[in-house]
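Coordinate analysis (summary)
Here is how the chains run, residue by residue.
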Amino acid sequence: MTVFRISPAVADAFPDTLIALVTATGLDGREPWPETAAAAENLERQLADGAWQPADETDPRIEAWHTAYRSFGTNPRRIRPSVDALGRRMAKKGTLPRVNPAVDAYNTVSVRHGLPAGAFDLDHVTGDVAIRYADGSEEFTPLGEPGTVENPKPGEIIYADTTGVLTRHWNHRDAHRTRVTEDSARVAFVLETLRSSHDGHLLKTAAEELRALLTPHAAHTQVVHLTAEQPEATV
C-alpha cells in the first residue's frame, strides 16, 4: 500500500486543491484497448471538425496553474503545466501522441477536460508519496533521460517518494523511474485541479471517465480524492 499526502504547506498555499487518484491493479497494457483508441480518435475528429478546442492559457483551468507555477518561481510559458503543453501540441499537430494504452487513456482524459494528469508505476515507487515543496537536495531523472540527474529548485512543488522526485514543477514532467509502460500492472493515475469550487465536478467526471477506460483491462480499479481538508489517502 502507498500513502499519497499533500503537505500542510502546500495545502495552506492552495486550499482549493482537489486531486483524484485513480488506481488500477492487474493492468494489462499489452492487449488492445479499443475504447481508449476510439476516445482519442473521437477527440481528434472533433478538433478537425472545429467542434472542440483544447483549453489554452486564457482558460481559467490553465490560468490557475500558470499562477501557481509563478508562485514557486517557475515560468509557465517556458516550463508548461502538462495539460497546457499537451493541448498546445494537439492544437498544432491535430493528433494526440500515442505511447501505450494506459498513457494514451490519461492523456485523452486530461486534454479533453483541461486538467493535468499523470501516472506512476506503483511497483517502482518507494515508500509514501508527498506533494510538497522541494528543499533543493532531491534528485530527479526526467522521463526518457535515464542518464540525467536534476535537482529541483528550493521551493518548487514536487511529488516525491523516499528515493527521489516523481514529478517536477508540480505536474510539468514525470520521472523515468516510475514511468508507465505496457508492462506496468499496478498504477496510480493522477488528475488535478486548483479550483475545486469551480471545477470539482469536472474533475470527478474525468476521474470516472478514466476509470471506465481502465476497468476492462484491470483486475481492480478505484478512485479516491485528496483535498486540503483530507490531505491523505492510501492506494
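Everything that follows concerns the structure shown earlier in this document.
As a starting point, this report considers the structure included with it. The numbers attached to residues start from 1 for each chain and follow its sequence in the written order. In keeping with the predicted nature of the model, local features appear solely for residues at pLDDT of at least 70, side-chain atom pairs appear and are counted solely at 80 or more, and the whole-chain, interface and lining totals rest on all residues. The side-chain values count all of the structure's non-hydrogen atoms but skip hydrogen atoms and water molecules.

Let's talk about the overall build of the protein chain
To keep it simple, the criterion reads: The helix count covers DSSP runs of H or I at least four residues long, the strand count covers runs of E at least two residues long, and both are numbered beginning at the N terminus. As a reference, a globule follows 2.2 Å times the number of residues to the power 0.38, and the radius of gyration itself is taken over C-alpha atoms. Relative accessible area decides the class of each residue, using a 1.4 Å probe on protein chains only: under 20% of the type maximum gives buried, over 50% gives exposed, and in between gives partly exposed.
A tally of regular secondary structure across the protein chain gives six helices and 10 strands. Scaling as 2.2 N^0.38, a compact globule of 235 residues should have a C-alpha radius of gyration of about 18 Å, and the protein chain matches this with 16 Å. Along the longest, intermediate and shortest principal axes, the C-alpha atoms of the protein chain span 45 × 40 × 40 Å. When burial is assessed residue by residue, the protein chain has 54% of its 235 residues classed as buried.

Focus: helix α6 (residues 196-214)
Under the convention used in this document: By definition, residues are in contact when any of their heavy atoms lie within 4.5 Å.
Among all positions of α6, only Asp199, Gly200, Leu202, Leu203, Ala206, Ala207, Leu210, Leu213 and Leu214 are buried. Elements that come into contact with the buried residues of α6 comprise β2 (18-25), α2 (34-49), α3 (60-71), α5 (101-113), β8 (186-193) and β9 (220-227).

Brief notes about the layout of surface pockets
Keep this limit in mind: Using only the protein atoms, space was sampled on a 1 Å grid; points where a 1.4 Å probe fits but cannot get out form cavities, open sets with protein on both sides within 12 Å along at least five of seven lines form pockets, and lining residues are those with an atom within 4 Å of a point. Grid points are joined across faces, edges and corners, and a volume is the space filled by probe spheres set on the points. Lys, Arg, Asp and Glu make up the charged group, whereas Ala, Val, Leu, Ile, Met, Phe, Trp, Tyr, Cys and Pro make up the nonpolar group; the residues left over, Gly among them, are polar.
Approximately 710 Å³ is the volume found for the largest pocket. Around the largest pocket sit 29 residues that line it, and Ser82, Tyr106, Asn107, Leu143 and His172 are the ones nearest its centre. Mapped onto the lining of the largest pocket, the elements with two or more residues apiece are α4 (82-93), α5, β3 (117-121), β7 (173-174) and β8. Sort the elements by how many residues they give to the lining of the largest pocket and α4 lands first, with five residues. When the residues that make up the lining of the largest pocket are grouped by side-chain class, the tally is 15 nonpolar, eight polar and six charged.

As for the pattern of salt bridges
Applied cut-off: Salt bridge, as applied in this entry: a Lys or Arg side-chain nitrogen positioned within 4 Å of an Asp or Glu carboxyl oxygen.
With the rule as written, the count across this model stands at 16 salt bridges. Residues Glu57 and Arg77 are paired through a salt bridge, measuring 2.6 Å at the closest nitrogen-oxygen approach. Pair noted here: Glu57 is in the loop between α2 and α3 and Arg77 is in the loop between α3 and α4, with a separation of 20 residues, a long-range link. According to the relative accessible area criterion, Arg77 is exposed, its value standing at 54%. Across the pair Glu57 and Arg80 runs a salt bridge whose closest N-O atoms are separated by 3.0 Å. On the criterion of sequence distance, the pair formed by Glu57 in the loop between α2 and α3 and Arg80 in the loop between α3 and α4 is long-range, its members being 23 residues apart.

Focus: α4
The periodicity of an α-helix, 3.6 residues per turn, causes residues three or four positions apart to be oriented the same way. Applied cut-off: The length a helix should cover is 1.5 Å for every residue beyond the first.
When the terminal C-alpha atoms of α4 are compared, their 16 Å separation across 12 residues agrees well with the 16 Å that a helix rising 1.5 Å per residue should span. If you check which residues of α4 are buried, you get Ser82, Val83, Asp84, Leu86, Gly87 and Met90. Of the surrounding secondary structure, the elements contacted by the buried residues of α4 are α2, α3, α5 and β3. Of the residues trailing α4, Gly94 is marked for its positive phi of about 85°.

Re empty space enclosed by the protein
Using the criterion set out here, one finds one cavity of 30 Å³ or more in the structure. The space that makes up the largest cavity amounts to roughly 30 Å³. As for the largest cavity, its lining consists of Arg61, Ala64, Trp65, Gly114, Leu115, Pro116, Glu192, Thr193, Leu194, Arg195 and Asp199. Residue assignment for the lining of the largest cavity shows that the elements contributing at least two residues are α3 and β8. Here the lining of the largest cavity gets three residues from one element, more than from any other, and that element is α3. Considering only residue class, the lining of the largest cavity consists of five nonpolar, two polar and four charged.

Focus: the nonpolar core
The nonpolar side chains of a soluble globular protein tend to be buried, and buried together. Using the following cut-off: For our purposes a nonpolar core is just a set of buried Ala, Val, Leu, Ile, Met, Phe, Trp, Tyr and Cys residues, chained together by side-chain atoms within 4.5 Å.
By size, the foremost hydrophobic cluster in this structure holds 28 residues, and its most contacted members are Phe4, Ile19, Leu21, Ile131, Tyr159, Trp170 and Leu226. Counting residues per element, the ones that place at least two in this core are β1 (3-6), α1 (8-13), β2, α3, β4 (129-133), β5 (157-160), β8 and β9. Among the elements that take part in this core, α3 stands out by supplying four residues, more than any other. The next biggest cluster of nonpolar side chains, apart from the first, holds 27 residues, and it includes Leu18, Val22, Ala24 and Ala206.

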